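Residue-level structure breakdown
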Amino acid sequence: QVQLVESGGGLVQPGGSLRLSCAPSGSIFSVQSRGWYRQAPGEQRELVASMDFRGNTNYADSVKGRFTISRDNARNTVYLQMNSLKPEDTAVYYCNVRAIGIVAWGQGTQVTVSS
């Protein structure tokens, strides 16, 4: 089974930036969408940003203008550039890939925004 490997989380001060990366451990064909979700303590997992196979993007209202989802087809990697981070962005971030017959999740990476 294909696994997604995430990296790039950490501790950052308010107003800072981080870039998350997510790549599969194997090949995934016929990808329909890639996305990033997050889950804060005591909260439900929520969609942060997604990109379909055409490159159309969708963002949660809370991150519009601050976060950018992108992909590198050659590396089969999806990124989440996070700028102007706020304490309320603190959460575990998960990447997600949906393809024909496959829904894959990453293990999660912690993002903590604190001074």
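What comes next is a walk through the structure. (Residues numbered from 1 in each chain as written. Predicted model: local features only at pLDDT ≥ 70, side-chain atom pairs only at ≥ 80, totals over all residues. Heavy atoms only, no water.)

Concerning the sheet that holds strand E8 (residues 77-82)
Where we set the bar: Here, any two strands with at least 2 DSSP bridges between them count as paired. Secondary structure is summarised from DSSP: a helix means a run of H or I of at least four residues, a strand means a run of E of at least two, and numbering begins at the N terminus for each. Lines fitted to C-alpha atoms define the axes here, with helix axes fitted over just the stretch in contact, and angles between the N-to-C directions of these axes take values from 0 to 180 degrees.
Overall, antiparallel pairing links the four strands, which are arranged E1-E3-E8-E7 in an open sheet. The open sheet is flanked by strand E1 (4-7) and strand E7 (67-72), the only strands paired with a single partner. Recorded for the sheet is a direction-independent mean angle of 15° between the axes of neighbouring strands. Both strand E3 (residues 18-24) and E8 contribute to a ladder of five bridges, which runs antiparallel. Its bridge partner being in E8, Ser21 is matched across the sheet by Tyr79.

Comments concerning the side chain of Arg34
As a reminder of what qualifies: Pairing of N or O atoms within 3.5 Å defines a polar contact, subject to two protein rules: one partner must be a possible hydrogen donor and the other a possible acceptor, and residues neighboring in sequence count only if both atoms are side-chain atoms. By the convention used here, residues are in contact when the closest approach between their heavy atoms is within 4.5 Å.
Positionally, Arg34 belongs in strand E4 (residues 31-39). Within the local environment of Arg34, its side chain forms a polar contact with the side chain of Asn76, the two groups lying 3.2 Å apart. Among all residues touching Arg34, those that are not within four sequence positions of it are Ala49, Ser50, Met51, Ile69, Arg71, Asn76, Val78, Asn96 and Val97.

Details of the pairing of E3
Going by this rule: When accessible area is computed with a 1.4 Å probe and restricted to protein chains, residues below 20% of their type maximum are described as buried, those above 50% as exposed, and intermediate ones as partly exposed.
In terms of burial, E3 is a largely internal element, five of the seven residues being buried. In this sheet, E3 lies alongside E1 in antiparallel orientation, the contact comprising four bridges. Paired with Val5 across the two strands is Ala23, which belongs to E3.

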